[in-house]
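Here are the chains, one letter per residue:
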Protein chains: 2
Amino acid sequence: MRISDLAKATGCHLETVRYYERIGLLPPPERSTAGYRNYRDSDVERLQFIVRSRALGFSLEEIRSLLTLASRTELSCKQVDGVARTHLAQVEAKQRELAALAAELRGMIETCHHDTRATCTILQSLAG
Amino acid sequence: MRISDLAKATGCHLETVRYYERIGLLPPPERSTAGYRNYRDSDVERLQFIVRSRALGFSLEEIRSLLTLASRTELSCKQVDGVARTHLAQVEAKQRELAALAAELRGMIETCHHDTRATCTILQSLAG
DNA sequence: GTTGACTCCGTAGTAGCTACGGACTTTAGT
DNA sequence: ACTAAAGTCCGTAGCTACTACGGAGTCAAC
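No experiment lies behind these values; they were computed from the predicted model shown. (Residues numbered from 1 in each chain as written. Chains lettered and ligands numbered in written order. Predicted model: local features only at pLDDT ≥ 70, side-chain atom pairs only at ≥ 80, totals over all residues. Heavy atoms only, no water.)

Draft legend 1. Quick peek at the interface of chain A and chain B. At the junction of the two partners, chain A supplies 50 residues and chain B supplies 50 residues. Of the roughly 4,300 Å² buried between chain A and chain B, counting both surfaces, carbon and sulfur atoms make up 68%. Residue B:Glu92 is joined to A:Arg106 by a salt bridge in which the shortest nitrogen-to-oxygen separation is 3.0 Å. At the surface where chain A touches chain B, the tally comes to 20 residue pairs in polar contact (both at pLDDT 80 or more). Those elements that place two or more of their residues in the side of chain A that touches chain B are α3 (41–55), α4 (60–71), α5 (78–110) and α6 (121–127) of chain A. By residue number, the principal contributor to the side of chain A that touches chain B is α5(A), which donates 20 residues. (Contact = heavy atoms within 4.5 Å. Buried area = accessible area lost by both parts, 1.4 Å probe. Salt bridge = Lys/Arg side-chain N within 4 Å of Asp/Glu carboxyl O. Polar contact = N/O pair within 3.5 Å; in protein donor to acceptor, adjacent residues only side chain to side chain. Helix = DSSP H or I, 4+ residues; strand = E, 2+ residues; numbered from the N terminus.)

Draft legend 2. How the structure looks around the state of the cysteines. Counting across every chain of the model gives 0 disulfides over all chains. No disulfide involves A:Cys77; its nearest neighbouring cysteine sulfur is the one of B:Cys112, lying 3.5 Å away. (Disulfide = S-S within 2.5 Å.)

Draft legend 3. Molecular detail of the environment of B:Ala7. All names here are of chain B. Assignment of secondary structure puts Ala7 in helix α1 (residues 3–10). The buried category is assigned to Ala7, whose relative accessible area is 9%. The sequence separation of Ala7 and Lys94 amounts to 87 residues, and the corresponding C-alpha distance is 31 Å. (Buried < 20%, exposed > 50% of the residue type's maximum accessible area, 1.4 Å probe, protein only.)

Draft legend 4. Structural context of the protein's contact with DNA strand D. Around DNA strand D, the structure places 20 residues, and the nearest of them are A:Tyr36, A:Arg37, B:Thr16, B:Tyr20 and B:Arg54. Backbone atoms, meaning sugar and phosphate, form 73% of the atoms of DNA strand D found within 4 Å of the protein. One nitrogen or oxygen atom from the side chain of A:Tyr36 is found 2.4 Å from a base nitrogen belonging to DNA strand D. Of all the secondary structure elements, the ones that give two or more residues to the surface near DNA strand D are α1 (3–10) and α2 (14–22) of chain A together with α2 (14–22) of chain B. When residues of the surface near DNA strand D are assigned to their parent elements, the largest contribution, 4 residues, is made by α2(B). Here the surface near DNA strand D is composed, by residue class, of 8 nonpolar, 5 polar and 7 charged. (Near = heavy atom within 4 Å. Nonpolar A, V, L, I, M, F, W, Y, C, P; charged D, E, K, R; others polar.)

Draft legend 5. Structural view of the packing of α4(A) against α5(A). Residues and elements named next belong to chain A. The contact between α4 and α5 brings their axes to 9 Å, and the two run at 160°. The angle between α4 and α5 places the two elements in the roughly antiparallel class. The handedness of the crossing between α4 and α5 is left-handed. Counted together, Glu62, Leu66 and Leu69 of α4 and Gln79, Val80, Val83, His87 and Gln90 of α5 form the full contact between these two elements. A class-by-class count of the residues in the contact of α4 with α5 yields 4 nonpolar, 3 polar and 1 charged. (Axes fitted to C-alpha atoms, helices over the stretch in contact; angles between N-to-C directions. Parallel < 35°, antiparallel > 145°, perpendicular 65-115°, else oblique. Left-handed = near helix turned anticlockwise from the far one by under 90°.)

Draft legend 6. The nonpolar core, seen in detail. Counting 74 residues, the largest nonpolar core has A:Val17, A:Phe58, A:Ile122, B:Val17, B:Phe58 and B:Ile122 as the members making the most contacts within it. In this structure A:Ile122 touches A:Met108, A:Ile109, A:Cys112, B:Val80, B:Asp81 and B:Ala84, once residues within four positions along its chain are discounted. (Core = buried A, V, L, I, M, F, W, Y, C linked by side-chain atoms within 4.5 Å.)

Draft legend 7. Up close: the side chain of B:His87. Structurally, B:His87 is set in helix α5 (residues 78–111). At 2.7 Å, the side chain of B:His87 and the backbone oxygen of B:Leu56 are in polar contact. For B:His87, the contacting residues outside a window of four places in its chain are A:Leu101, A:Leu105, B:Leu56, B:Gly57, B:Phe58 and B:Glu62.

Draft legend 8. Local environment of the relation of the copies chain A and chain B. Once turned by 180° and shifted 0.0 Å along the axis, chain A lies on chain B with an RMSD of 0.1 Å. Read as a symmetry element, the transformation amounts to a two-fold axis. It is A:Gln95 whose C-alpha, among those of chain A, lies nearest the rotation axis, at 3.2 Å. Most of the interface of chain A is mirrored in chain B, where 100% of its interface residues are also at the interface. (Least-squares fit on C-alpha atoms with pLDDT ≥ 70 in both.)

Draft legend 9. Structural context of the domain arrangement of chain A. Residues and elements named next belong to chain A. The assigned domain composition of chain A is domain 1 (1–74) and domain 2 (82–127). With centres defined by C-alpha atoms, the gap from domain 1 to domain 2 works out at 37 Å. Contacts between the two partners involve 6 residues from domain 1, matched on the other side by 4 residues from domain 2. Both sides together, the interface formed by domain 1 and domain 2 hides about 400 Å², and carbon and sulfur atoms give 69% of it. (Domains from an automatic or database assignment.)

In structure tokens form, the structure reads like this:
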């Protein structure tokens, strides 16, 4: 399986695959005599895990942890749970931040009477 | 007014002030004979506008537009309104994205029985 | 005069990719 | 067998919005 096949199978950009290898998130695959990367099914699974985790907003470092944790299947998943809960908490914090921000933007927009910029409440709000 | 005074007056990091100047968001100020930057009150206002806009999530390019738009006080504020509404729409899109993400994370976490990693539903979800 | 705080500048680092360019290899078609 | 197109290789630079660093020069107080 070549790099473009792996990319297609996972929906991951080809250059991103190489990037993940470079930062050690994907193991360096075997190479053909010409130096082309040869991937196996296990690489597809690992990359799928990464792509899916990214879609859920996990950082590459969090994913690195998750991959390490996942490899020791006999241990408890307390730590996995911890990573997920921490991430959820971050997402929720970001949600609160955006909610406050959206409310302020709406206020700014709604109070504006849309005449000249000299009396624009949007600009006045932004000025402080 | 020196650069550290401007930074303190606006709550902006000192190095960020120089950065904003470098990218043309702040005009190059006058210099003392030794080459130190001398700022005026109008610089404080401009930087305050930038800092406040950043806090509301506007990108530096959006802020660049807003600053240009703001300078022509006699014109209507339709375009200002447009920038603000576009930004609000982006924030709302991000909110929807985060809401979906949080829901999925919660589902993952709640269904997990927390025994071994082999049966961890969090890891299974991430695997696809 | 000397110490300490301040300022200068250019450069590099952060996250997570994406794009580019020039060389090489493989594949399909004739 | 030959050629053209598509795929792959690698290193490097670009993106956003900063932040940090290092070495040099400057200013204020004691």
